[in-house]
Amino acid sequence: MTTSERGKTTPGEPTSSAAPDIDWQALAVAARSAASRAYAPYSQFRVGAAGLTATGRIVTGCNVENVSYGLTLCAECGLVSALHDGGSGERLVAVTTVSGSGEPCPPCGRCRQLLLEHGGPGCLIDCDGTIRTVGELLPLGFTTDRLAEG
């Protein structure tokens, strides 16, 4: 894996020989498109997410607000739903999340947990212009291994 001085991959660099080359610009375009379809009548804060699977498929999601606020679905929720709706059982290898203005937007804590489950700790996230892994964004994340401990 090619990394910068800070140990983070930079947009466009391959993550490993097993993963496809990541076209971060294409993911950002797909995420911006998804954000344009968001349902955000209360906050006016549109968010779109685009994820890449190991086979090169791009899946997207957008946020869907609810008047009760607590039932609002984040863009990453829609992304994971679309991932499974594809029926292939694929895992995410890279995700970009952007606001309606196109600026990178880091996933919330709940979505970091969701991305951990569906991409693993090595899944790459471009959430603030720097590429990080889910494991970096959610150290000591809750995994199925913890279920066996209880």
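Everything numeric here is computed off the predicted structure, so don't read it as measured data.

The next thing to look at is the nonpolar core. Residues Leu 79, Leu 92, Val 95, Leu 115, Cys 123, Ile 125 and Val 134 are the most contacted members of the largest nonpolar core, which totals 16 residues. Of all the secondary-structure elements, those providing two or more residues to this core are β1 (47-53), α2 (75-85), β3 (92-99), α3 (109-119) and α4 (134-137). Here this core takes three residues from α2, the largest share from any one element. Dropping the residues within four chain positions of it, Leu 79 is found in contact with Ala 49, Ala 50, Gly 51, Val 59, Thr 60, Gly 61, Leu 92, Val 95 and Leu 115.

What follows concerns α3. If you check which residues of α3 are buried, you get Cys 111, Leu 115, Leu 116, His 118 and Gly 119. Packed against the buried residues of α3 are α2, β3, β4 (124-126) and α4. Residue Gly 120 follows α3 closely and has a positive phi angle near 85°.

Burial runs high along β3: eight of the eight residues are buried. Pairing analysis gives seven bridges linking β1 to β3, with the strands arranged antiparallel. Opposite Ala 49, over in β3, you have Thr 97 as the bridge partner. Across three bridges, the pairing between β3 and β4 is parallel. Pairing of Val 95 across the sheet is with Ile 125, part of β4.

With that settled, the discussion passes to the confidence of the model for the protein chain. Per-residue confidence for the protein chain gives a mean pLDDT of 86; residues scoring 70 or more make up 86%. By mean pLDDT, the top-scoring element of the protein chain is strand β2 (residues 58-62) (98), and the lowest-scoring one is helix α5 (residues 144-149) (78). Across residues 1-18, where pLDDT falls below 50, the model places 27 contacts with residues more than four positions away in sequence or in other chains.

Time to look at the pairing of β2. The pairing of β1 with β2 spans five bridges and is antiparallel. Looking at the pairing, Ala 50 lines up with Thr 60 of β2. Connecting β1 to the next strand, β2, in antiparallel fashion are four residues, including Gly 56 with a positive phi near 95°.

Checked against the element boundaries, Glu 76 lands in helix α2. Note on Glu 76: relative accessible area 3%, which makes it buried. Measuring from C-alpha to C-alpha, the distance between Glu 76 and Gly 51 comes to 8.9 Å, with 25 residues separating the pair along the chain. Ignoring anything within four residues of it in the chain, the contact list for Glu 76 reads Ala 49, Thr 97, Pro 107, Cys 111, Leu 114 and Leu 115. At 3.3 Å, the side chain of Glu 76 forms a polar contact with the side chain of Thr 97.

This part is about the environment of Gly 135. Among the secondary structure elements, Gly 135 is positioned in helix α4. The partly exposed category is assigned to Gly 135, whose relative accessible area is 25%. Here the alpha-carbon distance between Gly 135 and Gln 113, two residues 22 residues apart in the chain, equals 9.7 Å.

Turning next to the pattern of salt bridges. Inspection of the entire model under this criterion finds one salt bridge. One salt bridge connects Glu 90 with Arg 57, and the closest N-O pair in it is separated by 2.8 Å. Taken together, the residues Glu 90 in the loop between α2 and β3 and Arg 57 in the loop between β1 and β2 connect sequence positions 33 residues apart. With a relative accessible area of 13%, Glu 90 lands in the buried category.

Definitions and cut-offs
Residues numbered from 1 in each chain as written. Predicted model: local features only at pLDDT ≥ 70, side-chain atom pairs only at ≥ 80, totals over all residues. Heavy atoms only, no water. Core = buried A, V, L, I, M, F, W, Y, C linked by side-chain atoms within 4.5 Å. Buried < 20%, exposed > 50% of the residue type's maximum accessible area, 1.4 Å probe, protein only. Helix = DSSP H or I, 4+ residues; strand = E, 2+ residues; numbered from the N terminus. Contact = heavy atoms within 4.5 Å. Pairing = 2+ DSSP bridges. pLDDT = per-residue confidence, 0-100. Polar contact = N/O pair within 3.5 Å; in protein donor to acceptor, adjacent residues only side chain to side chain. Salt bridge = Lys/Arg side-chain N within 4 Å of Asp/Glu carboxyl O.

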